[in-house]
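Read off the chains here:
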Amino acid sequence: MNNSTPNEIPKNNSNTNNDINNTQNTTNNLKPNTNNIEKNNLSQNTEQKPHKNSSLMTIIFLLIIAGFCFYTYYTYNLHQQEIETLKESCSPVSTSGETKKLDLDATIVKDLYAKVKTNIREDLANMELNAEMKLYLAARQIPASKIYSSNCNYFNNAKMSLYTCKESADFTPQAFKEEELALEYKKLFGENSEFNHNDIQLGMTCLGGYQYIAERGEYVSGNCTQISTTVYRANKELINATSTESTIILYENVKYYGTEGKELPEKLISGTYKYTFKLDSNYNYVYLSKELEK
(Lines give C-alpha, C1' and ligand atoms only; values in the text may rest on other atoms or scores of the structure.)
Protein backbone atom coordinates (compact mmCIF):
# COMPACT_ATOMS: atom_id res chain seq x y z
CA MET A 1 0.00 0.00 0.00
CA ASN A 2 2.81 2.43 0.95
CA ASN A 3 4.89 1.66 -2.23
CA SER A 4 2.03 2.49 -4.63
CA THR A 5 1.26 5.91 -3.28
CA PRO A 6 4.64 7.53 -3.90
CA ASN A 7 4.63 6.27 -7.52
CA GLU A 8 1.34 8.10 -8.30
CA ILE A 9 2.48 11.50 -7.08
CA PRO A 10 5.18 12.07 -9.73
CA LYS A 11 2.67 11.06 -12.36
CA ASN A 12 0.28 13.81 -11.25
CA ASN A 13 3.06 16.43 -11.32
CA SER A 14 3.86 15.67 -14.96
CA ASN A 15 0.29 16.08 -15.99
CA THR A 16 0.03 19.33 -14.13
CA ASN A 17 3.08 20.69 -15.93
CA ASN A 18 1.65 19.70 -19.29
CA ASP A 19 -1.58 21.44 -18.49
CA ILE A 20 0.28 24.61 -17.53
CA ASN A 21 2.27 24.48 -20.75
CA ASN A 22 -0.85 23.96 -22.79
CA THR A 23 -2.52 26.89 -21.09
CA GLN A 24 0.46 29.13 -21.80
CA ASN A 25 0.52 28.08 -25.45
CA THR A 26 -3.16 28.79 -25.76
CA THR A 27 -2.67 32.17 -24.17
CA ASN A 28 0.17 32.96 -26.48
CA ASN A 29 -1.92 31.96 -29.46
CA LEU A 30 -4.77 34.21 -28.37
CA LYS A 31 -2.49 37.21 -27.71
CA PRO A 32 -2.52 39.66 -30.71
CA ASN A 33 0.65 39.96 -32.77
CA THR A 34 1.61 43.59 -32.00
CA ASN A 35 4.57 43.57 -34.34
CA ASN A 36 2.45 42.55 -37.34
CA ILE A 37 -0.14 45.25 -36.60
CA GLU A 38 2.53 47.95 -36.37
CA LYS A 39 4.10 46.76 -39.61
CA ASN A 40 0.74 46.89 -41.38
CA ASN A 41 0.02 50.41 -40.08
CA LEU A 42 3.45 51.58 -41.18
CA SER A 43 2.93 50.05 -44.61
CA GLN A 44 -0.45 51.79 -44.99
CA ASN A 45 0.99 55.14 -43.91
CA THR A 46 3.85 54.71 -46.36
CA GLU A 47 1.39 54.01 -49.20
CA GLN A 48 -0.81 57.02 -48.32
CA LYS A 49 2.04 59.55 -48.15
CA PRO A 50 3.08 59.28 -51.86
CA HIS A 51 -0.59 59.66 -52.85
CA LYS A 52 -0.99 62.79 -50.74
CA ASN A 53 2.32 64.20 -52.04
CA SER A 54 1.27 63.55 -55.64
CA SER A 55 -2.05 65.40 -55.20
CA LEU A 56 -0.30 68.34 -53.56
CA MET A 57 2.24 68.57 -56.37
CA THR A 58 -0.57 68.51 -58.97
CA ILE A 59 -2.37 71.38 -57.24
CA ILE A 60 0.85 73.42 -57.01
CA PHE A 61 1.60 72.75 -60.71
CA LEU A 62 -1.89 73.86 -61.76
CA LEU A 63 -1.56 77.04 -59.69
CA ILE A 64 1.78 77.79 -61.36
CA ILE A 65 0.26 77.27 -64.82
CA ALA A 66 -2.72 79.50 -63.97
CA GLY A 67 -0.42 82.21 -62.64
CA PHE A 68 1.77 82.06 -65.74
CA CYS A 69 -1.25 82.32 -68.04
CA PHE A 70 -2.59 85.31 -66.12
CA TYR A 71 0.81 87.03 -66.22
CA THR A 72 1.15 86.40 -69.96
CA TYR A 73 -2.33 87.75 -70.65
CA TYR A 74 -1.76 90.81 -68.46
CA THR A 75 1.62 91.68 -69.99
CA TYR A 76 0.28 91.12 -73.53
CA ASN A 77 -2.60 93.56 -72.97
CA LEU A 78 -0.23 96.03 -71.37
CA HIS A 79 2.16 95.84 -74.33
CA GLN A 80 -0.71 96.19 -76.81
CA GLN A 81 -1.87 99.35 -75.05
CA GLU A 82 1.65 100.74 -75.15
CA ILE A 83 1.95 99.91 -78.87
CA GLU A 84 -1.37 101.62 -79.64
CA THR A 85 -0.27 104.68 -77.66
CA LEU A 86 3.03 104.83 -79.53
CA LYS A 87 1.33 104.34 -82.89
CA GLU A 88 -1.13 107.14 -82.16
CA SER A 89 1.52 109.54 -80.91
CA CYS A 90 4.19 108.76 -83.51
CA SER A 91 2.08 108.25 -86.64
CA PRO A 92 1.19 111.35 -88.69
CA VAL A 93 -2.25 109.84 -89.28
CA SER A 94 -4.90 108.59 -86.87
CA THR A 95 -4.76 104.90 -85.98
CA SER A 96 -7.91 105.00 -83.88
CA GLY A 97 -11.51 105.96 -84.48
CA GLU A 98 -10.93 109.53 -83.40
CA THR A 99 -10.42 112.35 -85.90
CA LYS A 100 -6.87 113.70 -85.84
CA LYS A 101 -5.78 117.04 -87.29
CA LEU A 102 -2.74 116.67 -89.52
CA ASP A 103 0.15 119.04 -89.94
CA LEU A 104 -0.18 120.78 -93.31
CA ASP A 105 3.59 120.49 -93.72
CA ALA A 106 3.51 116.72 -93.22
CA THR A 107 4.95 114.87 -96.20
CA ILE A 108 1.86 112.73 -96.71
CA VAL A 109 -0.38 115.81 -96.78
CA LYS A 110 1.76 117.71 -99.26
CA ASP A 111 2.17 114.61 -101.44
CA LEU A 112 -1.57 113.91 -101.64
CA TYR A 113 -2.44 117.53 -102.32
CA ALA A 114 0.12 117.79 -105.11
CA LYS A 115 -1.47 114.81 -106.85
CA VAL A 116 -4.96 116.29 -107.08
CA LYS A 117 -4.78 120.10 -107.00
CA THR A 118 -5.64 121.86 -110.23
CA ASN A 119 -5.09 125.31 -111.72
CA ILE A 120 -7.58 127.68 -113.26
CA ARG A 121 -7.09 126.37 -116.80
CA GLU A 122 -7.71 122.80 -115.69
CA ASP A 123 -10.81 123.88 -113.75
CA LEU A 124 -12.17 125.64 -116.82
CA ALA A 125 -11.58 122.53 -118.92
CA ASN A 126 -13.10 120.04 -116.47
CA MET A 127 -14.31 120.54 -112.90
CA GLU A 128 -15.61 116.99 -112.44
CA LEU A 129 -13.74 113.93 -111.19
CA ASN A 130 -14.86 111.85 -114.17
CA ALA A 131 -13.06 109.31 -116.39
CA GLU A 132 -11.44 112.07 -118.47
CA MET A 133 -10.06 113.88 -115.42
CA LYS A 134 -8.91 110.63 -113.76
CA LEU A 135 -6.90 109.65 -116.82
CA TYR A 136 -5.39 113.14 -116.97
CA LEU A 137 -4.43 113.12 -113.26
CA ALA A 138 -2.91 109.65 -113.56
CA ALA A 139 -0.76 110.79 -116.50
CA ARG A 140 0.49 113.68 -114.37
CA GLN A 141 1.96 111.18 -111.90
CA ILE A 142 4.23 109.47 -114.44
CA PRO A 143 7.88 110.20 -113.54
CA ALA A 144 9.87 112.22 -116.08
CA SER A 145 12.35 109.32 -116.24
CA LYS A 146 9.63 107.16 -117.81
CA ILE A 147 8.90 109.63 -120.63
CA TYR A 148 11.14 109.51 -123.70
CA SER A 149 11.50 111.01 -127.18
CA SER A 150 9.61 109.08 -129.82
CA ASN A 151 8.07 109.39 -133.31
CA CYS A 152 4.69 109.93 -135.00
CA ASN A 153 4.20 106.42 -136.36
CA TYR A 154 0.49 105.43 -136.30
CA PHE A 155 -0.55 108.78 -134.81
CA ASN A 156 -4.04 109.68 -136.13
CA ASN A 157 -4.20 113.43 -136.78
CA ALA A 158 -7.98 113.33 -137.23
CA LYS A 159 -8.64 111.64 -133.89
CA MET A 160 -7.82 114.41 -131.41
CA SER A 161 -9.01 117.96 -131.97
CA LEU A 162 -6.28 120.62 -131.80
CA TYR A 163 -3.52 117.98 -131.90
CA THR A 164 -1.41 116.79 -134.77
CA CYS A 165 1.86 114.93 -134.90
CA LYS A 166 4.49 115.87 -137.45
CA GLU A 167 8.12 115.56 -136.62
CA SER A 168 10.21 118.66 -137.31
CA ALA A 169 13.09 120.62 -135.94
CA ASP A 170 10.63 122.37 -133.64
CA PHE A 171 8.68 119.33 -132.47
CA THR A 172 9.68 115.87 -131.27
CA PRO A 173 6.82 113.80 -129.82
CA GLN A 174 7.17 112.36 -126.33
CA ALA A 175 5.87 108.97 -125.31
CA PHE A 176 5.50 106.54 -122.42
CA LYS A 177 4.52 102.88 -122.14
CA GLU A 178 0.87 101.98 -121.61
CA GLU A 179 1.75 99.96 -118.50
CA GLU A 180 3.20 103.08 -116.88
CA LEU A 181 -0.15 104.84 -117.06
CA ALA A 182 -2.00 101.75 -115.81
CA LEU A 183 0.35 101.56 -112.82
CA GLU A 184 -0.10 105.21 -111.84
CA TYR A 185 -3.85 104.99 -112.34
CA LYS A 186 -4.13 102.02 -109.96
CA LYS A 187 -1.92 103.74 -107.40
CA LEU A 188 -4.04 106.90 -107.51
CA PHE A 189 -7.54 105.40 -107.75
CA GLY A 190 -7.16 101.92 -106.32
CA GLU A 191 -6.27 98.43 -107.43
CA ASN A 192 -9.91 97.58 -108.13
CA SER A 193 -10.67 100.77 -110.05
CA GLU A 194 -11.87 100.45 -113.63
CA PHE A 195 -9.17 101.45 -116.08
CA ASN A 196 -9.48 101.81 -119.84
CA HIS A 197 -6.92 103.02 -122.37
CA ASN A 198 -8.14 106.24 -123.99
CA ASP A 199 -6.65 109.43 -125.33
CA ILE A 200 -5.65 111.96 -122.70
CA GLN A 201 -7.19 115.41 -123.23
CA LEU A 202 -9.20 117.72 -120.99
CA GLY A 203 -12.19 118.95 -122.98
CA MET A 204 -11.46 120.84 -126.16
CA THR A 205 -8.20 122.26 -124.87
CA CYS A 206 -4.47 121.81 -125.21
CA LEU A 207 -4.26 120.06 -121.85
CA GLY A 208 -3.09 116.47 -121.94
CA GLY A 209 -2.47 115.77 -125.59
CA TYR A 210 -1.38 112.11 -125.45
CA GLN A 211 -2.90 109.76 -127.98
CA TYR A 212 -3.12 106.06 -127.20
CA ILE A 213 -1.63 103.94 -129.99
CA ALA A 214 -2.51 100.30 -129.33
CA GLU A 215 -0.26 99.02 -132.15
CA ARG A 216 2.73 100.41 -130.31
CA GLY A 217 1.54 99.93 -126.75
CA GLU A 218 2.37 103.58 -126.11
CA TYR A 219 0.91 106.97 -125.45
CA VAL A 220 2.36 109.54 -127.88
CA SER A 221 2.06 113.29 -127.53
CA GLY A 222 0.66 115.50 -130.28
CA ASN A 223 1.45 119.11 -130.97
CA CYS A 224 -1.08 121.83 -130.12
CA THR A 225 -0.36 125.19 -131.74
CA GLN A 226 -3.29 126.99 -130.12
CA ILE A 227 -2.30 129.47 -127.44
CA SER A 228 -4.50 129.05 -124.37
CA THR A 229 -5.26 132.16 -122.37
CA THR A 230 -7.85 133.03 -119.74
CA VAL A 231 -9.12 136.17 -118.08
CA TYR A 232 -10.04 134.31 -114.89
CA ARG A 233 -7.95 133.76 -111.79
CA ALA A 234 -8.10 131.40 -108.86
CA ASN A 235 -6.65 131.69 -105.38
CA LYS A 236 -6.34 128.25 -103.72
CA GLU A 237 -5.09 127.42 -100.25
CA LEU A 238 -4.94 124.19 -98.29
CA ILE A 239 -6.45 125.13 -94.93
CA ASN A 240 -6.98 121.84 -93.10
CA ALA A 241 -6.24 118.13 -93.17
CA THR A 242 -7.75 115.42 -90.98
CA SER A 243 -7.32 111.70 -90.52
CA THR A 244 -9.85 109.17 -89.19
CA GLU A 245 -8.61 105.58 -89.17
CA SER A 246 -7.83 104.82 -92.84
CA THR A 247 -9.33 108.02 -94.31
CA ILE A 248 -7.63 111.36 -94.95
CA ILE A 249 -9.58 114.47 -95.96
CA LEU A 250 -7.94 117.62 -97.30
CA TYR A 251 -9.78 120.95 -97.17
CA GLU A 252 -8.99 123.53 -99.82
CA ASN A 253 -10.29 127.08 -99.77
CA VAL A 254 -10.88 128.36 -103.32
CA LYS A 255 -11.71 131.86 -104.50
CA TYR A 256 -12.34 132.47 -108.20
CA TYR A 257 -11.98 135.92 -109.76
CA GLY A 258 -13.21 137.27 -113.07
CA THR A 259 -12.79 140.60 -114.84
CA GLU A 260 -15.02 143.60 -115.11
CA GLY A 261 -17.88 143.06 -117.47
CA LYS A 262 -17.43 139.29 -117.60
CA GLU A 263 -19.16 136.95 -115.21
CA LEU A 264 -17.57 133.76 -113.95
CA PRO A 265 -18.72 130.53 -115.59
CA GLU A 266 -21.34 128.77 -113.46
CA LYS A 267 -19.07 125.81 -112.80
CA LEU A 268 -16.44 128.00 -111.12
CA ILE A 269 -17.86 128.13 -107.60
CA SER A 270 -15.84 129.61 -104.76
CA GLY A 271 -15.86 127.78 -101.44
CA THR A 272 -14.21 124.98 -99.53
CA TYR A 273 -13.51 121.77 -101.44
CA LYS A 274 -12.98 118.41 -99.75
CA TYR A 275 -10.58 115.84 -101.20
CA THR A 276 -11.12 112.38 -99.71
CA PHE A 277 -8.50 109.62 -99.73
CA LYS A 278 -8.63 106.11 -98.28
CA LEU A 279 -5.90 103.61 -97.53
CA ASP A 280 -6.27 100.52 -99.71
CA SER A 281 -4.93 96.95 -99.39
CA ASN A 282 -1.68 97.98 -101.12
CA TYR A 283 -1.04 100.73 -98.57
CA ASN A 284 -1.72 103.52 -101.06
CA TYR A 285 -4.01 106.41 -100.21
CA VAL A 286 -6.39 106.31 -103.15
CA TYR A 287 -8.34 109.33 -104.36
CA LEU A 288 -12.07 108.82 -103.79
CA SER A 289 -13.83 112.12 -104.33
CA LYS A 290 -13.81 115.90 -104.62
CA GLU A 291 -16.79 117.74 -103.15
CA LEU A 292 -17.82 121.31 -102.50
CA GLU A 293 -18.52 121.60 -98.78
CA LYS A 294 -22.02 122.92 -98.15
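(A) The sheet that holds strand β3 (residues 174-177), seen in detail. Taken together, five strands build an open sheet; the order of strands is β2-β3-β6-β5-β4 and the sheet is antiparallel. Two strands close off the open sheet at either side, each with one partner strand: β2 (148-149) and β4 (200-201). One ladder, built from two bridges, connects β2 with β3; its direction is antiparallel. Bridged to Tyr-148 within β3 is Ala-175. Packing of helix α6 (residues 178-189) onto the sheet brings it into contact with β3, β4, β5 (208-213) and β6 (218-221), and relative to β3 it is tilted by some 65°.

(B) Layout of helix α3 (residues 107-116). Those residues of α3 that sit buried are Val-109, Leu-112, Tyr-113 and Val-116. In an axial view of α3, the angular spread of the buried residues amounts to 100°, which keeps them on one side of the axis. Where the residues of α3 are buried, they touch α5 (131-140), β7 (233-244), β8 (247-257), β9 (271-279) and β10 (285-292).

(C) Molecular detail of the packing of aromatic side chains. Per the counting criterion, the structure on display carries nine aromatic pairs. Note on Tyr-185 and Phe-189: the rings are 5.0 Å apart at their centroids and 50° apart in plane angle, and the pair reads as tilted. Of this pair, Tyr-185 and Phe-189 are both found in helix α6, four residues apart, which corresponds to roughly one turn of the helix. Residue Tyr-185 shares its accessibility class with Phe-189, and that shared class is buried. Relative to Tyr-219, the ring of Tyr-212 lies with its centre 5.0 Å away and its plane at 40°, an arrangement referred to as tilted. Given the relative accessible area of 17%, Tyr-212 is considered buried.

(D) Local environment of the state of the cysteines. This model, assessed by the stated rule, comprises two disulfides. Here Cys-152 connects covalently by a disulfide to Cys-165, the sulfurs 2.0 Å from one another. Because the sign of the S-S torsion sets the handedness, a value of about -80° for the bond joining Cys-152 and Cys-165 places this disulfide among the left-handed ones. In this pair, Cys-152 sits in the loop between β2 and β3 while Cys-165 sits in the loop between β2 and β3, placing the two residues 13 residues apart along the sequence. The class of Cys-152 is buried, set by a relative accessible area of 14%. A relative accessible area of 7% means that Cys-165 is categorised as buried. Each sulfur of the disulfide joining Cys-206 and Cys-224 lies 1.5 Å from the other. You can see Cys-206 sitting in the loop between β4 and β5 and its partner Cys-224 sitting in the loop between β6 and β7, a full 18 residues away along the chain.

What counts, and where the lines are drawn
- Residues numbered from 1 in each chain as written.
- Predicted model: local features only at pLDDT ≥ 70, side-chain atom pairs only at ≥ 80, totals over all residues.
- Heavy atoms only, no water.
- Pairing = 2+ DSSP bridges.
- Helix = DSSP H or I, 4+ residues; strand = E, 2+ residues; numbered from the N terminus.
- Contact = heavy atoms within 4.5 Å.
- Axes fitted to C-alpha atoms, helices over the stretch in contact; angles between N-to-C directions.
- Buried < 20%, exposed > 50% of the residue type's maximum accessible area, 1.4 Å probe, protein only.
- Arc of directions from axis to C-beta.
- Phe/Tyr/Trp six-rings, centres within 6.5 Å; stacked < 30°, edge-to-face > 60°.
- Disulfide = S-S within 2.5 Å.

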